[in-house]
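Notes for the structure review
The chain contents come next:
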Amino acid sequence: MKYFSFILAAVLTISLAVVVSRPLGSIPPLVGLLDPNHGFWQNTLSEDQTAEKEIDLDNLQAEVTVIYDEDLVPHIFAENDLDLYRAQGYVTAKHRLWQMEFQTMAAAGRISEIVGPVAIELDRLTRRKGLAYGAELGLEFLKQDPETLAAMEAYADGVNQYIDQLTDATLPVEYKILNYQPEHWSPYKSALLLKYMADMLMGDRDLEYSNLRKILGDQMLDKLFPDFPVDNDPVIEAERVWDFEPLPVQKPDSLNYPNDLLTIDPLPQPEEGVGSNNWAVAGKKTKNGRPILANDPHLGLNLPSIWYAMQLTTPSHRVKGATLPGALGIISGFNDDIAWGVTNATKDARDWFKITFKDDSRREYKYGEEWKLSEFRVEEIKVKGQEVFLDTVVYTHYGPIMYDRSFKAERQDVNFALKWIALEGSNEQKTFLMMNKAKNHQDYNSALDNYNAPPQNFVFASKEGDIAMRIQGKFPLKWEGQGKFFLDGADPRMDWQGYIPFDQNASTLNPERGFVSSANQHPVDPSYPYYVFDNSYEHYRNRRLNTRLREMQEITVEDMKALQFDDYYLHAAEAVPVMLDLLDEERFSSAEATKYLKELKEWDFYADPNQKAPTLFYIWWNQISGSIWKEWYEWGAPIVTPNSYQTVSLLKNEPESVVFDHSKTEAVETAQDHVNKGFEELLEKMKEWESEEGDYSWANYKRTSIRHLVPQFASFSVENVYTGGGRGILNATSERHGASWRMVVELGETPNAYGIYPGGQSGNPGSRFYTNMINRWAKGEYIDFSLRAKDDTQDALFTTVFN
């Protein structure tokens, strides 16, 4: 019997050893993960526990010192630029290597290498957008600028030296879980990162608008989707006088749009909720007589955070702010002389052209009276556990063909080419390297002259007292309406006619009102001489922001912090009185209805986390809007519905409009019917919520979450962050989006700066610096972000010297 027990134990031990040493589908061998010397246990240590005092870094010209503050923000001190960017690459990789590589692999369409065949279709779609192709063009363009290219090579060298000294034990935990190894960095990957950002922030609704034009007709479409809202408070003040001679744009005498109703899925668009705020106030409006600049880009709330904070210093300049892991320099920040920030400049710079090929070979396509030659690009997609997948993409002079006979051939939009500015050679990296060293408004403009995409609103302030805003990107010259719908690529009149000169991009310097601001709204008023359009302009945050900035005097840094965290719900303030006025209250006499109506009527319209009325409004409004536009979704074709601003306007000013009448009988439906129906559904949903959850305070209802870049890694995420705000609110913290970085800088002889973001400096989930700033961010608190000198080691966590 004892031999049997021994044999059974041996068999079980051997079987277990075999199981844990082999991958189980997408799960890596467990033996590696559980190894106490090399597995995930080694990722439970924080950086201050593993800090190295000295590190040998090859190719340095002089010693580099890195001082980490109490939040693990590195302050890098180098004697020259190349040493600075080599150290920046090393330090960034040390804390964010997996994130920077994962994002660029996603942009290159290489996720199949990590997770296997499940990602092939995603990778094909990404490659057919042309991101990798655009990065290659960008790298070729960079060869005209040896100085920037040398800096990018130094950065890559720093990243690669960190990678080369990694061991199985120190490998970031995501590599261990997903069972793959990091590869070397390159300037191409830094270029690719900026294309990734362009794809994240740029979209189009050509498909949806083409369908709406077919269904509604031009007159109704223009009524429900006006180019300019009644309450247009643009980025560039309406009083601005345009003192240039615009380039002529020739609109065709007749237009022939592809006119089929398309019942297909649109290309994935930037996620709803992505936006930003930035502004600067002149010294005449501040208590200290100094300009103050504020910036809070709104992006997906992810871990590791999209931003990584640091200070970069050489004898000629020092700059501090938020960086993008994988890109050089500071993206949103300040130096001793200026501060700048960015918001997304929503502007349609992506168009679709229907291509007519000469024959099935697709080697030539029609363009007016001629046949242009196509180009073919073979994409080699490596697939984990399988052979390489080859995909041939056809390129026209417009851009790549997204869907064709070999990819989604059943779609109605096969053989449409995507044209967008991200696929043109450019050097956005130079913009930020120059901005980091800029000393005045002229330097700011010179830096922006290198910037193409994604379009951004660049706010500026200087210690000299200037404030400015410039809407920068490479914008196509378009006739009115061009690019709103699918275009016929065989007709040269449909093609872009050139580009708006950079010095004619909308901008302003020291406006009389004493401030500049942007919040993703219309960039200009109708007096601007070029056609401007986008479907996603914002209608509430910008008006709240500009109203407050007009009112405020004797402004302080604390005032600007409070404004970034402002929870006033302007949409609700304008909609609730209309909704209550239309509601037939006599129909709703239950105790619950009475309670909810009382809370709504007494609400001050602030969406603070403990308030309950925001939840009631949010549910009621969504039910009303859904009821009004429900019929549209029954058309069976992708469309967009009128935005909340336009819907409120219809409820208030045209309550008996035909858009409200969905009745199939003689009884006509009006706005009141939808408001009443929406309230009935509110009562039902609240009954369900209160029975299951109880508390319907705003924070508990919206449940802001900050999730790991890999959705399945739930244990590396933070759920139910207690904070207020929401969509259309200055504190734009919704379920999955919000202020990814908040910065306030007061310019002067010594800048006074504060910053925060929802995460931590470390990309290691086991580190105490992985989420250590989230609670402060959720409360509207900041960390002191002022510039530091090399000898300022107060509150220093540790110091590392590169030799």
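First, a word on what this report is: a plain description of the structure on this page. Values in this document were obtained by computation on a predicted structure and should not be read as measured data. For every chain, the first residue of the written sequence is number 1, and numbering continues from 1 onward in sequence order. Local features in a predicted model are, by the rule used here, given only for residues with pLDDT of at least 70; side-chain atom pairs are given and counted only at 80 or more, and totals for whole chains, interfaces and linings are based on all residues. No hydrogens and no water enter the side-chain calculation; it runs on all heavy atoms of the structure.

1. Thoughts on the pattern of salt bridges
Put simply, the test is: A pair is scored as a salt bridge if a Lys or Arg side-chain nitrogen falls within 4 Å of a carboxyl oxygen belonging to Asp or Glu. Going along the chain from the N terminus, every DSSP run of H or I of four or more residues is numbered as a helix, and every run of E of two or more is numbered as a strand. Any residue under 20% of the maximum accessible area for its type is buried, any over 50% is exposed, and the rest in between are partly exposed; the area is computed with a 1.4 Å probe on protein chains only.
Scanning the entire structure with this criterion turns up 50 salt bridges. Among the ionic pairs, Arg86 bridges to Asp157, the shortest N-O distance being 2.6 Å. In this pair, Arg86 is assigned in helix α3 (residues 81–107) and Asp157 in helix α7 (residues 146–164), connecting sequence segments 71 residues apart. Of the two residues examined, Arg86 and Asp157, each falls in the buried class. The partner of Glu585 in a salt bridge is Lys601, with the nearest N and O atoms 3.0 Å apart. Linking Glu585 in the loop between α16 (570–582) and α17 (591–602) with Lys601 in helix α17, this pair joins segments that are 16 residues apart in sequence. For Glu585, a relative accessible area of 31% puts it in the partly exposed group.

2. A short note on the sheet that holds strand β19 (residues 487–488)
Stated formally: Strands qualify as paired when DSSP identifies two bridges or more between them.
Spatially, β16-β11-β19 is the arrangement adopted by the three strands of the open sheet, whose pairing is mixed. Each of the sheet's edge strands pairs with one partner strand only, and the pair in question is β16 (416–420) and β19. Where strand β11 (residues 350–354) meets β16, five bridges bridge the pair, whose relative direction is antiparallel. The residue of β16 that forms the bridge with Trp352 is Leu418.

3. Quick look at the environment of Tyr606
Test applied: Any two residues whose heavy atoms approach within 4.5 Å are treated as being in contact.
Mapped onto the elements of the fold, Tyr606 is located in the loop between α17 and α18 (613–633). Take Tyr606: its relative accessible area is 29%, and that puts it in the partly exposed class. Contact partners of Tyr606, with chain neighbours within four places excluded, come to Arg544, Asp566, Asp567, Tyr568, Gln611 and Pro614.

4. Quick notes on unusual backbone geometry
With the exception of glycine, most residues fall at negative phi, and the peptide bonds are largely trans. In the segment running from Leu303 into Pro304, the intervening peptide bond is cis, with an omega of -5 degrees. With respect to the helices and strands, Pro304 occurs in the loop between β6 (302–303) and β7 (308–314). A cis amide bond links Ala453 with the next residue in sequence, Pro454, at an omega value of -5 degrees. Summarising the element assignment, Pro454 is placed in the loop between α13 (441–448) and β17 (456–462). In this structure, Asn510 is a non-glycine residue whose phi angle is positive, near 50 degrees. Position of Asn510 among the secondary structure elements: in the loop between β20 (507–509) and β21 (515–518). On the basis of relative accessibility, which here comes to 36%, the residue Asn510 falls in the partly exposed class. The phi dihedral of Asp795 falls on the positive side, at around 60 degrees, and the residue is not glycine. Along the chain, Asp795 turns up in the loop between β27 (783–784) and β28 (798–802).

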